[in-house]
Number of protein chains: 2
Amino acid sequence: MSKLGVLYGVGVGPGDPGLITFNAFRVLKAVPVIAMPDSGREGDSVALTVVRGALDEGLLDKKEILKLYLPMTKEAGSLRRARLDATRVIAECLKEGLDVAFITLGDPLFYSTFSYLVPLLKEILPEAGVATVSGVTSITAASASIGAPLTEADESVAVVPATYGMEEIRNALEHHDTVVLMKINKVLDGVLNLLGEMGLTGMAVYIGRASWPGEEIVRDVESLRGRKVDYFSMMIIRKGA
Amino acid sequence: MSKLGVLYGVGVGPGDPGLITFNAFRVLKAVPVIAMPDSGREGDSVALTVVRGALDEGLLDKKEILKLYLPMTKEAGSLRRARLDATRVIAECLKEGLDVAFITLGDPLFYSTFSYLVPLLKEILPEAGVATVSGVTSITAASASIGAPLTEADESVAVVPATYGMEEIRNALEHHDTVVLMKINKVLDGVLNLLGEMGLTGMAVYIGRASWPGEEIVRDVESLRGRKVDYFSMMIIRKGA
């Protein structure tokens, strides 16, 4: 039997190709197969664009690109089936001795699909090696975009998907110096109401597509009310600001 | 008057020189002056070691290295004086038209001294340009070291310095899927008591010096009781684990 390939989870950073790491570059250059989630969301292709920008001209075209269907659904059965199918496709490559880089925007262990596939791979092909290459996350990239610290000294920070529920967002805002609300697009007006009630509106900043060409920063967050905002958006509320 | 230099806050990543970004590398290669905090802590020299490892042989020796005395004290007066003095030294270089890279482990806006200096520079030399180069943080590097996601899907994560107080740590553990306790060395036994009481001991992992050569991972956290642990250590408690 030939030697098994290794599965690499590779964080390509927040979107600016200059924020890719040397380790990510080396792995991406070396592997014959690049796997990426295909969820129907734009972020998937953005990750591939970052990789294309980082590699030498034409190098990406010599690699096999595996687009793995991983839908954004809450339906547990179809979710598990899709993940299992995606993992099987990766496992086939590894069995052929091919190393696979699964690319992800940001970091592979911070809100990425990669961490769902690893335990499934351990079931299907327990002897396969898995390695993670950390990346710059969108939350510190967003801090750089707005030119303010995410957190200093003895402060605490909570990162909460805005879909977590208003009571949990309120708790986070009460207990932490900085709160990052991810996926703010889904509950924007409710969050604006809560910030107003808590007297925190002036401390909130909206960031869409941090570090991407289409980056958007809005400091007057009330002006966003009623607007349909980007999926790749967050709000940073820094109480000490 | 000559053109002012630019101050760059450069995150060099968690400690592995391979986790430096292309943008950080470009800035470090180009600037004539590298500034670093000198707090008496080992982390300062680790950041410089990472830079030395990333740059071509001998290149660092051709640059001016500014070691800025920034003590780890709680005394507000001497803290402000030290920060002001450090900022003045940087401002002098900028006035001579020299670009300065202030290096920091991890990210310059995530628990770094850089964010204290920026507002002081705006006071002293308001027209100076400031830019931030984001870096990989220790918290995702630590997740990679233990091979587990920091956070998935709709989960929330809180990052809390262990010095924040036990009631705040309890609140974070009650309300978030993952809690990262920074600076765990100061309050280790108290945290172990709290984890035991809340039934979370088995979900905690200790990580010292994530991604450094001397990295240490301890999954049986109770075995650390009474031990003097590293300053560069954290504990990750993942409730879904």
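For the structure itself, look to the data block above.
Since the model is a prediction, treat every value here as computed from it, not as a measurement. In this numbering scheme, every chain counts its residues from 1 along its sequence in written order. All chains are assigned letters beginning with A, and all ligands numbers beginning with 1, in the order in which they are written. The predicted origin of the model limits local features to residues at a pLDDT of at least 70 and limits the giving and counting of side-chain atom pairs to 80 or more, whereas totals for whole chains, interfaces and linings rest on all residues. Values reported for side chains reflect all heavy atoms of the structure, with hydrogen atoms and water molecules removed beforehand.

**Q** Give me the sheet that holds strand β4 (residues 100-104) of chain A: which residues, what numbers.
**A** Residue and element names in this part refer to chain A. In spatial order, the strands read β3-β2-β4-β1-β5; together these 5 strands make up an open sheet with parallel pairing. Both edges of this open sheet fall to β3 (64-69) and β5 (129-133), since each of them pairs with a single strand only. If you compare each strand with its neighbour and ignore which way they point, the axes differ by 25° on average. Along the sheet, helix α1 (residues 22-30) contacts β1 (6-11), β2 (33-38), β4 and β5; its crossing angle with β1, the most-contacted strand, is approximately 135°. Across the face of the sheet, helix α3 (residues 76-95) comes into contact with β1, β2, β3 and β4 while running at roughly 160° to β3. Think of it this way: DSSP has to see at least two bridges between two strands before they count as a pair. Secondary structure counts use DSSP, requiring at least four H or I residues in a row for a helix and at least two E residues in a row for a strand, with both numbered from the N terminus. For every element, the axis is a line fit to its C-alpha atoms; helices are fit only across the contacting stretch, and the angle between N-to-C directions ranges from 0 to 180 degrees. In what follows, residue pairs with any heavy atoms lying within 4.5 Å of each other are defined as contacts.

**Q** If you had to explain the relation of the copies chain A and chain B to someone new, which residues and values would you point to?
**A** Mapping chain A onto chain B calls for a rotation angle of 180° and an axial translation of 0.0 Å; the resulting RMSD is 0.0 Å. Put plainly, the chains are arranged around a two-fold axis. Looking at the interface residues of chain A, 100% of them are also at the interface in chain B, so both copies use one shared face. We place the copies in one frame by least squares, fitting the C-alpha atoms of every residue whose pLDDT is at least 70 in both.

**Q** Can you lay out the interface of chain A and chain B for me, pointing to particular residues and giving the numbers?
**A** Contacts between chain A and chain B engage 51 residues on the former and 51 residues on the latter. Buried area: the accessible area, evaluated with a 1.4 Å probe, that two parts lose upon being put together, summed over both parts. Of the roughly 4,100 Å² buried between chain A and chain B, counting both surfaces, carbon and sulfur atoms make up 53%. Contact with chain B buries area across many residues of chain A, yet A:Phe22, A:Leu109 and A:Asp154 alone supply 16% of it, more than any other trio. A pair is scored as a salt bridge if a Lys or Arg side-chain nitrogen falls within 4 Å of a carboxyl oxygen belonging to Asp or Glu. The interface formed by chain A and chain B holds 2 salt bridges in total. B:Asp154 is the partner of A:Lys183 in a salt bridge, and the nearest nitrogen-oxygen pair spans 3.3 Å. Here a polar contact is recorded for every N or O atom pair within 3.5 Å, except that within protein the pair must consist of a potential hydrogen donor and a potential acceptor, and residues adjacent in sequence are included only if both atoms are side-chain atoms. Summed over the shared surface of chain A and chain B, the number is 38 residue pairs in polar contact (both at pLDDT 80 or more). Where the side of chain A that touches chain B is concerned, the elements lending two or more residues are α1, α4 (114-124), β5, α5 (138-146), β6 (157-161) and α6 (166-175) of chain A.

**Q** Which residues make up the pattern of salt bridges, and what values go with them?
**A** Any two side chains of opposite charge can pair, given that their charged atoms come close. Under the defined criterion, the tally for this structure stands at 24 salt bridges over all chains. The partner of B:Glu197 in a salt bridge is B:Arg170, with the nearest N and O atoms 2.8 Å apart. Residue B:Glu197 is found in helix α7 (residues 188-197), and its partner B:Arg170 is found in helix α6 (residues 166-175); the two are separated by 27 residues along the sequence. Residue class for B:Glu197 comes out exposed when judged on its relative accessible area of 58%. Each of the salt bridges in this network shares a partner with another, and the network as a whole consists of A:Glu152, A:Glu155 and A:Arg238. Using a 1.4 Å probe on the protein chains alone, a residue whose accessible area is under 20% of its type maximum counts as buried, one over 50% counts as exposed, and one in between counts as partly exposed.

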